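# Structural overview
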Amino acid sequence: MAMSKDEFLKTSGLKVTVLELWIEQEWLLPERTPSGLSFSEIDVARAQLIGELQSGIGANEAGIDVILHLMDQLHGMRRALAELRREMQRPKD
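The paragraphs below set out a description of the structure included in this document. Small disclaimer: the values here were computed from a predicted structure and weren't measured. (Residues numbered from 1 in each chain as written. Predicted model: local features only at pLDDT ≥ 70, side-chain atom pairs only at ≥ 80, totals over all residues. Heavy atoms only, no water.)

Turning our eyes to something else, we now look at the pattern of salt bridges. A full pass over the atoms with the stated rule returns four salt bridges. For K5, the salt bridge goes to E20, with nearest N and O atoms at 3.5 Å. Highlighted residues: K5 in helix α1 (residues 5-12) and E20 in helix α2 (residues 16-24), separated in sequence by 15 residues. With a shortest N-O distance of 2.8 Å, R86 and E83 are connected by a salt bridge. Note that R86 and E83 are positioned in helix α4 (residues 61-89) at a spacing of three residues, about one turn of the helix. R86 gets classed as partly exposed once you look at its relative accessible area, which sits at 45%. (Salt bridge = Lys/Arg side-chain N within 4 Å of Asp/Glu carboxyl O. Helix = DSSP H or I, 4+ residues; strand = E, 2+ residues; numbered from the N terminus. Buried < 20%, exposed > 50% of the residue type's maximum accessible area, 1.4 Å probe, protein only.)

In structure tokens form, the structure reads like this:
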């Protein structure tokens, strides 16, 4: 479900300044549409994760950068592996 910036702020509980900083740091990558930024449920989950990394385990900005980068790589590899698995399961002509 796509949501506007205002809906995202309400759902995530973030302040505008924090959201803008996280977008600038590329911790959140909302879709840019003609009507403005569009956020997804994944963005909400990622914002919650970032909040937990900061307050729950005390990760600093550099640590969060590394953690998010590694998580993005892991998810990319999972998608690639799933695609490879689908290709291997296709009947051969």
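That covers the picture; the talk isn't over yet.
Before going further, it helps to examine the packing of α1 against helix α3 (residues 41-56). To describe two helices that pack against each other, one gives the angle between their axes and the distance between the axes. One can describe the packing of α1 onto α3 by two numbers: an axis separation of 10 Å at closest approach and a directional angle of 40 degrees. The angle between α1 and α3 places the two elements in the oblique class. For the pair α1 and α3, the sense of crossing is right-handed. Across the interface between the two elements, F8, T11 and S12 of α1 pack against D43, V44 and A47 of α3. Considering only residue class, the contact of α1 with α3 consists of three nonpolar, two polar and one charged. (Axes fitted to C-alpha atoms, helices over the stretch in contact; angles between N-to-C directions. Parallel < 35°, antiparallel > 145°, perpendicular 65-115°, else oblique. Left-handed = near helix turned anticlockwise from the far one by under 90°. Contact = heavy atoms within 4.5 Å. Nonpolar A, V, L, I, M, F, W, Y, C, P; charged D, E, K, R; others polar.)

On the surface, a nonpolar cluster with roughly 330 Å² of combined accessible area is contributed by L81, L84 and M88. Its location among the elements puts L84 in helix α4. With relative accessibility at 47%, the residue L84 sits in the partly exposed group. (Patch = residues over 30% accessible without salt bridge, like charges linked within 9 Å, V, L, I, M, F, W, Y side chains within 5 Å. Areas by Shrake-Rupley, 256 points an atom, 1.4 Å probe, with all protein chains shown as cover.)

Despite not being glycine, E26 has its phi angle at roughly 65 degrees, a positive value. Within the fold, E26 resides in the loop between α2 and β1 (31-33). Taking relative accessible area as the criterion, E26 reaches 57% and is therefore assigned exposed.

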